[in-house]
Amino acid sequence: MIFLPRRLPLLLSLNLRASSFEGSFLCPSAASFSTDIIGDTPILVRDFIHSALYHPNHGYFSKRPGSVGMLDKSIKFNQLQGRNAYLRHLGNLYKQNDIAWFTPVELFKPWYAHGIAEAILRTADLSVPLKIYEIGGGSGTCAKCIMDYMMLNAPAKVYNNMTYVSVEISPSLARKQLETLGEVSSHSSRFRVECRDAANRSGWGDVDRQQCWVIMLEVLDNLPHDLIYSENQVSPWMEVWLEKQRDSILYDMENITRVTISNTNLAGFFPRRWSLGLTYIDLSCNNLGGRVTVSLTHLPDLKFLIVSYNLIEGTLPRELWGSALAKNSISGPILESVYAIPSLIHLDLSHNLFNGSVPKSLLEMNLHVSELYKPLHDPLISCCVKILDMDKEDSSLGSRAISAAKRIWSKVFPHPRRVWLPTGCLQLMEVLHWALPKMSLIASDFSYLPDVRISGERAPLVSTKNDGRSVDYKSYLDAKGDADIFFPTDFWLLERIDHHCSGLLNRQLEASSSKKVKQRRTIVLDTASFMEEFGLPSKTRTKDGYNPLLDDFKNTKFYISVPTHNTK
Ligand SMILES: C[S@@+](CC[C@H](N)C(=O)[O-])C[C@H]1O[C@@H](n2cnc3c(N)ncnc32)[C@H](O)[C@@H]1O
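Worth saying up front: this structure is predicted, and the values here are computed from it rather than measured.

Trainee: Even after reading the chapter, I still don't get the pattern of salt bridges, so can you show me in this structure?
Mentor: Overall, the coordinates contain 13 salt bridges when judged by the stated rule. Close ionic contact of Arg458 with Asp490 constitutes a salt bridge, the shortest N to O distance being 2.9 Å. One end of the pair, Arg458, is in the loop between β16 (439–446) and β17 (461–466); the other, Asp490, is in the loop between β19 (484–486) and α17 (491–501), and 32 residues separate them in sequence. Arg458 sits in the buried class, given a relative accessible area of 13%. Residue Asp490 is classed as partly exposed on the basis of its relative accessible area, which comes to 24%. A single salt-bridge network, built from bridges that share partners, covers Arg46, Asp226 and Asp378.

Trainee: Looking at this structure, how should I read the packing of helix α7 (residues 111–123) against helix α8 (residues 141–153)?
Mentor: Between two packed helices, both the angle of their axes relative to each other and the distance between the axes serve to describe the pair. Relative to each other, α7 and α8 sit at 55°, their axes nearing to 8 Å. By the angle class used here, α7 and α8 are oblique. The crossing of α7 and α8 is right-handed. Listed contacts from α8 to Ala113, His114, Ile116, Ala117, Glu118, Ile120 and Leu121 of α7 are Cys142, Cys145, Ile146, Tyr149 and Met150. By residue class, the composition of the contact of α7 with α8 is ten nonpolar, one polar and one charged.

Trainee: How should the environment of Cys285 be read in this particular structure?
Mentor: Examined against the element boundaries, Cys285 turns out to sit in the loop between β10 (280–282) and β11 (287–289). Separated by 23 residues in sequence, Cys285 and Ser308 have C-alpha atoms that sit 6.2 Å apart. Residues contacting Cys285, with those up to four places away along its chain left out, are Ser262, Asn263, Thr264, Ser308, Tyr309 and Asn310.

Reading the values: the criteria
Each chain carries its own residue numbering, running from 1 in the direction its sequence is written. pLDDT decides what is reported in this predicted model: residues at 70 or higher carry local features, side-chain atom pairs at 80 or more are listed and counted, and totals for whole chains, interfaces and linings draw on all residues regardless. Excluded from the side-chain calculation are hydrogens and water; included are all heavy atoms of the structure. Salt bridge, as applied in this entry: a Lys or Arg side-chain nitrogen positioned within 4 Å of an Asp or Glu carboxyl oxygen. Each helix is a run of DSSP H or I of at least 4 residues and each strand a run of E of at least 2, with the numbering of both proceeding from the N terminus. Only protein chains enter the accessibility calculation, which uses a 1.4 Å probe; a residue is then buried when its area is under 20% of its type maximum, exposed when over 50%, and partly exposed in between. All axes are obtained by fitting lines to C-alpha atoms, using only the stretch in contact for helices, and the reported angles, taken between N-to-C directions, cover 0 to 180 degrees. What sets the label is the angle itself: under 35 degrees gives roughly parallel, over 145 gives roughly antiparallel, 65 to 115 gives roughly perpendicular, and the rest give oblique. Definitions for this section: a left-handed crossing has its near helix turned counterclockwise from the far helix by less than a right angle. A right-handed crossing has that turn clockwise. Residues count as neighbours in contact if any of their non-hydrogen atoms are within 4.5 Å of one another. Gly is put with the polar residues, along with every residue not named as nonpolar or charged; the nonpolar set is Ala, Val, Leu, Ile, Met, Phe, Trp, Tyr, Cys and Pro, and the charged set is Asp, Glu, Lys and Arg.

Structure follows, in structure tokens:
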């Protein structure tokens, strides 16, 4: 079996897998922090994610200094018998350290960072002083191990003249890095930490035109992303914003399976969130306004939705159409506390003449966050869509025929689409290429994440620890600063973004075929190939040949991008 790591304690994630995920998702009832993040006006998804992770008081990385773990000493892989011994050893380490996870640079120290140092030594122009920037250096292990390697293996002048600048957004991790580097006194004078957001251009001051290296390990996965949505296969993409809404109590009643509230004068907006167990909803012949939202398509067992004769705007998801007649009646006042009957499984309030109180108590309760769709307007989102070529319409005869067929298909079988866009990465790369125009880049990250439950292309894992166990959230909106939100990296897209930001893509489009354009050489290697090329894989091998770095980290890759400086 290939074990694909996710950012979780290894043994716990194996246990979760063995016992399946049924019933193990945490669904916080009151997303108070989420609603705090959003003020009275809607915000973009990336701003929500940024606050949930990096808010100085409530963000995940600020609240959990142990979110990036540090091992006291290196693991002696050569002394372990094999996989079982390694997993036992790791289990003990997680028990001893109250931390969320160990990243590869930590688990495989110093060998992982030494591989990176060797890659730099073999590629860098050593006639100029070596300058390394690390973005998001965590506990400082990578920086220390790279400086150790340069001190011991590079020509003396390389170490003597080198500078290492760490740009770290978390104040607690910035302090930790200083501590780690302080262990070797000669490193201290060559190392400095700048505690700031690397994606914020103003923090970089003037443009640094020296050749330099930028290292980013497991940083791209935590950068804010945006979400775009399209109603079906041919509808235009819309950007997703988040706004505060009031919860429907129909969401809080966990056992309810059927709701019939027809012919009742019910007014207000069509509810946006629903109890997941619903199989039947009849809200026909009322005065409900607003839109029937896609949240209905997330109800796995819904068979009937009857909302005719209301003031609802837009169209219904076609697969939810059904019909049923409500003829029950109920008299007397409706209790405000009807929602507090936890065992209620069928609510039928049809054919009544309610006035005033019922609509409020039934359809509007707690504050929660919900999605709002707007036409594409945000520059970062639009730029990402352009880089991905999602805005292109092929006008050739063949593709016009395909488009027509698609339009018909989308009417018959509409399929809403959701795509996550690495706008945080785009912003960071734009700033890096501006501030460090001669940078070479080494980044490593997850190319794929297992067990993702959130919908959409490139969707994130939202994961927290609850009583020592790792728990996945089923909605990114439930992250309240207590959960890590991390995304898989699409390395093909990363390369396009890198080339776009370095100007290469634009110049290639503009340049005539005879003109020479400035090139960047980029290469994507899986972790095993990178380590076999630049590292010492024998150091992370156990006695029976099992090598966790090469055998387990199959879902992580290295991205290397180097300017060729060969054009005039
Ligand atoms: C998952 S940790 C990885 C730490 C370390 N590179 C490692 O591999 O162990 C992500 C790191 O990136 C930092 N970070 C995230 N966004 C950042 C930004 N915009 N600017 C600077 N640091 C950032 C976090 O504070 C954290 O130190």
